[in-house]
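# Structural description and commentary
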Amino acid sequence: MTDASVNVAAGETLLAVDGISLRFGGVTALNDVSFDIKRGEIRAIIGPNGAGKTSMLNVINGFYHPQRGAIRFRGQNLTRMNPGFAARNGIARTFQNVALFRGMTTLDNLMTGRALKMNRGLFWQLLRHGPAMDEEIEHRRVVEDIIDFLEIEAIRRVPVGRLPYGLQKRVELGRALAMEPELLLLDEPMTGMNLEEKEDMCRFILEVNGQFGTTIALIEHDMGVVMDLSNRVVVLDYGRKIADDVPAAVKQDAAVIAAYLGVAG
Amino acid sequence: MLYREVGQYHTNYRADMRIFPILQDRIGILVILAIAFLGVPLIGGSFFLDVVATPFLIYALAAIGLNLLTGYTGLLSLGTGGFMGIGAYTCYKLTTWFPGVDIVVWILAGGLAAAAVGALFGLPSLRIKGFYLLVATLAAQFFLQWAFERIPWLYNNNISGTIEVPTRTLFGLPITGATATPVTRYEVALCIVVALTWLASNLVHGRIGRSWMAVRDMDIAAELIGIKLLPTKLLSFAISSYLCGVAGAMLVFLWYGSAEPTVFSIDLSFTILFMVIIGGLGSLLGAFLGAALIHVLPIVLRGVPPALGLNIASSTVEHLNLMIVGALIILFLVAEPFGLARLWQTGKQKLRVWPFPY
Ligand SMILES: Nc1ncnc2c1ncn2[C@@H]1O[C@H](COP(=O)(O)OP(=O)(O)OP(=O)(O)O)[C@@H](O)[C@H]1O
Ligand SMILES: [Mg+2]
């Protein structure tokens, strides 16, 4: 484990945020935050409630535009992302409160994740034959592999609005995976899950990272999970970065302990 | 015959991705088509074809059009009547200029003009949605109706201000105008509606349909997946308006025979909207069920009192009609927002597992 994290830490930087500040009126959600994500690592972002973790992900994939700071993705310098650009450049995302297409089936949700990779035009779509059908089948194969991987075969044809919360989170991960992202942003993928579901989710995250080499940024409150999964951890508190290190070191960090105790007490 | 899918396994995705994966459904569709193409014209008289069947087809097509926009893409519109009018007036101008070209070509071309106008009025949908979009499309409706009344060029400077449908033939057979028989007009309408329904069904089951539904269900997530909101919404407006435009041209050329501008009023927009709501948002089948209920039910109700030997004034019957249809709309909004189509689905599901409760 330590060897792996050393290797990753020495690797190439996939994404770097530099001096990001984000304000909503009087509220400072992020204050001069800088860190980087290396290719192939699992990077945890932790912090007490309201620390600015979700805001950070929103900046990374272009929902929020920071007042100050820059983002560098795959060596490209960007003052700001926009959601479409992020998607086209291989950044996928799940949300803290599930953002699925509720009226659509699991299968259709995952197929929608392939939207960027499908390009047969209106003519063939109207006929649903020839190239359009071939394309549909090609992507159906990929999606079925993801369905098998996430063990959600049984709910293939169920509208996701009717699924229990834990399964919805799993489908949302599936939709993000269908984009075959280079960088996967997961916002509390395990909240509201029971122990068994959490274990499954941990396994999926590790396998995605290990087998497909997908870089992952993970927000999670469960410290056990963070310690087990992540290579490096960023700790935010009141919008500022208070620590940035390997999990074992972060756990010992005085500022981190104070931030968490401060919340508890 | 039992409605079962037991033993019907799909061993490849092509078979599994069929729009009607269950054999009995495919047989059912063929039977319905046979009845529609052969049975109805043979058995139904002129009155039935002209008053019930042809109008039903035309309304169903318009309802499919609106359903693509409202049911599939989640964009509300009250401009349906106006977009139908664009189709009708365009068809009229085109056949005036080029009388030699087959009228079916111009009916279909009328839809293209409606698509362009629809997309134009759909532009605000990037910024506004829900109630505000409804108001924007309402403005489109009023503007278009104003244009139909105030621009004499549209109705060839006719003193009466109406479109008078000329006689046009296809292979020597009159299909529009006074000499066209009800059967011919019905068959032409049926061909157009079946073909366009097939295309619409293909569309909603593929990439484009999914992108519409994604925008409907959660536009932020759709954007994040790489779906571009404006082109997706505009395409929905364009294709929706295309179908409405064709339906509008058919309404004048295959049904009314002549039309005043008031035909394409806000009332028509509401009628189509009710059909979509009662039939079921986001269902093509629902468009047909809704059209049947809203158009056919009043005709049946009108026939009931005389059949029972009751002597009720026709104005009373009209009032009863309005009350019953109105009550149904409220009932559906409250009890079954997904409309008749959902009831049908539930019934089918029950049948599939019968005699077990689930
Ligand atoms: N769209 C917004 N408008 C106004 N304030 C916002 C907005 N989004 C976030 N904030 C504020 O920014 C701060 C950080 O919020 P954020 O959601 O990023 O926290 P978080 O670390 O994800 O918390 P949690 O653990 O509860 O999810 C909070 O004070 C929040 O109220
Ligand atoms: Mg959060």
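All values reported here derive from a predicted model rather than from experimental measurement. (Residues numbered from 1 in each chain as written. Chains lettered and ligands numbered in written order. Predicted model: local features only at pLDDT ≥ 70, side-chain atom pairs only at ≥ 80, totals over all residues. Heavy atoms only, no water.)

Further remarks concern the overall build of chain A. Across its full length, chain A carries 11 helices and 10 strands. Relative to a compact globule of 265 residues, whose C-alpha radius of gyration would be 18 Å, chain A shows 19 Å and is just as compact. The principal-axis extents of the C-alpha atoms in chain A amount to approximately 60 × 40 × 40 Å. The buried share among the 265 residues of chain A stands at 54%. Counted over contacts in chain A with a minimum sequence separation of 6, partners at least 24 positions apart contribute 67%. Carbon and sulfur atoms make up 51% of the accessible area of chain A, which totals about 11200 Å². (Helix = DSSP H or I, 4+ residues; strand = E, 2+ residues; numbered from the N terminus. Rg over C-alpha atoms; globule rule 2.2 N^0.38 Å. Buried < 20%, exposed > 50% of the residue type's maximum accessible area, 1.4 Å probe, protein only. Contact = heavy atoms within 4.5 Å. Areas by Shrake-Rupley, 256 points an atom, 1.4 Å probe, with all protein chains shown as cover.)

Bringing the nonpolar core into the picture now. With 134 residues, the main nonpolar core has Ile 107, Met 250 and Phe 264 of chain B as its most contacted residues. Examining the composition of this core, we find that 14 residues originate from one element, helix α10 (residues 229-256) of chain B, more than from any other. When residues are assigned to domains, this core turns out to be shared by domain 1 (1-90 + 215-265) and domain 2 (92-180) of chain A, each giving three or more. Those residues in contact with Ile 107 of chain B that lie beyond four places of it in its chain are Cys 91, Ile 192, Val 246, Ala 249, Met 250, Phe 253 and Leu 254 of chain B. (Core = buried A, V, L, I, M, F, W, Y, C linked by side-chain atoms within 4.5 Å. Domains from an automatic or database assignment.)

With that settled, the discussion passes to the coordination of the magnesium ion (ligand 2). All names here are of chain A. Around the magnesium ion (ligand 2), the protein supplies Thr 54 (OG1) and Gln 96 (OE1) as donor atoms, at distances of 1.9 to 2.1 Å. Pair noted here: Thr 54 is in helix α2 (residues 53-60) and Gln 96 is in the loop between β6 (91-94) and α4 (106-112), with a separation of 42 residues, a long-range link. Residue Gln 96 is classed as partly exposed on the basis of its relative accessible area of 28%. (Donors = N, O, S within 2.8 Å, 3.2 Å for Na, K, Ca; no water.)

This part covers the interface of chain A and chain B. In this assembly, 40 residues from chain A lie in contact with 31 residues from chain B. Counting the surface chain A buries against chain B, the share from its top three residues, Phe 101, Leu 126 and Arg 128 of chain A, is 19%. Between chain A and chain B we count 4 salt bridges in total. Asp 16 of chain B is paired through a salt bridge with Arg 157 of chain A; the nearest N and O atoms lie 2.6 Å apart. At the boundary of chain A with chain B, the tally comes to 10 residue pairs in polar contact (both at pLDDT 80 or more). Put simply, the parts of the chain that give the side of chain A that touches chain B at least two residues each are α3 (83-88), α4, α5 (122-127) and α6 (130-149) of chain A. Examining the composition of the side of chain A that touches chain B, we find that 7 residues originate from one element, α6 of chain A, more than from any other. Across the side of chain A that touches chain B, the residue classes break down as 18 nonpolar, 8 polar and 14 charged. (Buried area = accessible area lost by both parts, 1.4 Å probe. Salt bridge = Lys/Arg side-chain N within 4 Å of Asp/Glu carboxyl O. Polar contact = N/O pair within 3.5 Å; in protein donor to acceptor, adjacent residues only side chain to side chain. Nonpolar A, V, L, I, M, F, W, Y, C, P; charged D, E, K, R; others polar.)

Once that is clear, we can look at the layout of surface pockets. The gaps left among the atoms become clear once a water-sized probe is rolled over them. All names here are of chain B. A volume near 470 Å³ is recorded for the second largest pocket. Forming the walls of the second largest pocket are 18 residues, and the residues nearest its centre are Thr 271, Ile 294, His 295, Pro 298 and Leu 322. Residue assignment for the lining of the second largest pocket shows that the elements contributing at least two residues are α3 (46-72), α11 (266-279), α12 (284-307) and α13 (314-335). The residue inventory of the lining of the second largest pocket, partitioned by class, reads 12 nonpolar, 3 polar and 3 charged. (1 Å grid on protein atoms, 1.4 Å probe; cavity = no way out; pocket = protein on both sides within 12 Å on 5 of 7 lines; lining within 4 Å. Points joined across faces, edges and corners; volume = space filled by probe spheres on them.)

We now examine the pairing of strand β2 (residues 27-38) of chain A. In terms of strand pairing, strand β1 (residues 13-24) of chain A meets β2 of chain A through 8 bridges, oriented antiparallel. In the strand pairing of β2 of chain A, Val 17 of chain A is matched with Phe 35 of chain A. (Pairing = 2+ DSSP bridges.)

To continue, consider the sheet that holds β6 of chain A. Residue and element names in this part refer to chain A. Here 6 strands make up an open sheet; going across it, the order is β6-β7-β8-β3-β9-β10 and the pairing mixed. The two strands at the open ends of the sheet, each matched to only one other strand, are β6 and β10 (240-245). Between one strand axis and the next, the sheet turns through 15 degrees on average, direction left out of account. For β6 and strand β7 (residues 183-187), the ladder comprises 4 bridges, and the chain directions are parallel. Bridging across to β7, Ile 91 finds its partner in Leu 183. Against the sheet, α2 contacts β3 (42-46), β6, β7, β8 (215-219) and β9 (232-237), and its axis sits at roughly 150 degrees relative to β7. (Axes fitted to C-alpha atoms, helices over the stretch in contact; angles between N-to-C directions.)

Bringing helix α5 (residues 103-122) of chain B into the picture now. With 20 residues, α5 of chain B should reach 28 Å at 1.5 Å per residue; the first-to-last C-alpha distance of 28 Å fits that figure. Capping the start of α5 of chain B is the job of one residue whose side-chain oxygen sits 3.0 Å from the backbone nitrogen of Val 104 of chain B: Asp 102 of chain B. (Expected span 1.5 Å × (residues − 1).)

Moving on to the packing of aromatic side chains. Inspection of the entire model under this criterion finds 17 aromatic pairs over all chains. With a centroid separation of 5.9 Å and an interplanar angle of 45 degrees, the aromatic rings of Trp 97 of chain B and Trp 153 of chain B are classed as tilted. Of this pair, Trp 97 of chain B sits in helix α4 (residues 80-97) while Trp 153 of chain B is found in the loop between α6 (131-150) and β1 (163-164), placing the two residues 56 residues apart along the sequence. A relative accessible area of 46% places Trp 153 of chain B in the partly exposed class. With centroids separated by 6.3 Å and ring planes inclined at 50 degrees, the aromatic side chains of Phe 121 of chain B and Phe 143 of chain B adopt a geometry described as tilted. Note that Phe 121 of chain B is positioned in helix α5 and Phe 143 of chain B in helix α6, a separation of 22 residues in sequence. The class of Phe 143 of chain B is partly exposed, set by a relative accessible area of 44%. These aromatic residues form a ring-pair network of at least three members: Phe 149, Phe 204 and Phe 212 of chain A. Just above the ring of Phe 95 of chain A sits the side chain of Arg 93 of chain A; from NZ or CZ to the centre is 4.4 Å. Lying across the ring of Trp 153 of chain B, Lys 93 of chain B places its NZ or CZ 4.2 Å from the centre. (Phe/Tyr/Trp six-rings, centres within 6.5 Å; stacked < 30°, edge-to-face > 60°. Lys NZ or Arg CZ within 6 Å of the ring centre and 35° of its normal.)

Moving on to the pattern of salt bridges. Residue and element names in this part refer to chain A. Following the criterion strictly, the structure yields 27 salt bridges over all chains and no others. Between Glu 12 and Arg 39 there is a salt bridge; the shortest N-O distance is 2.9 Å. Taken as a pair, Glu 12 in the loop between α1 (2-10) and β1 and Arg 39 in the loop between β2 and β3 lie far apart in primary sequence, 27 residues in all. Overall, Glu 12 belongs to the partly exposed group, its relative accessible area being 46%. Using a relative accessible area of 32% as the deciding quantity, one classes Arg 39 as partly exposed. Linking Arg 203 and Asp 200 is a salt bridge whose minimum nitrogen-to-oxygen distance equals 2.9 Å. On the criterion of helical spacing, the pair formed by Arg 203 and Asp 200 is a turn pair, its members being 3 residues apart in helix α8 (residues 195-212). Arg 203 gets classed as partly exposed once you look at its relative accessible area, which sits at 33%.

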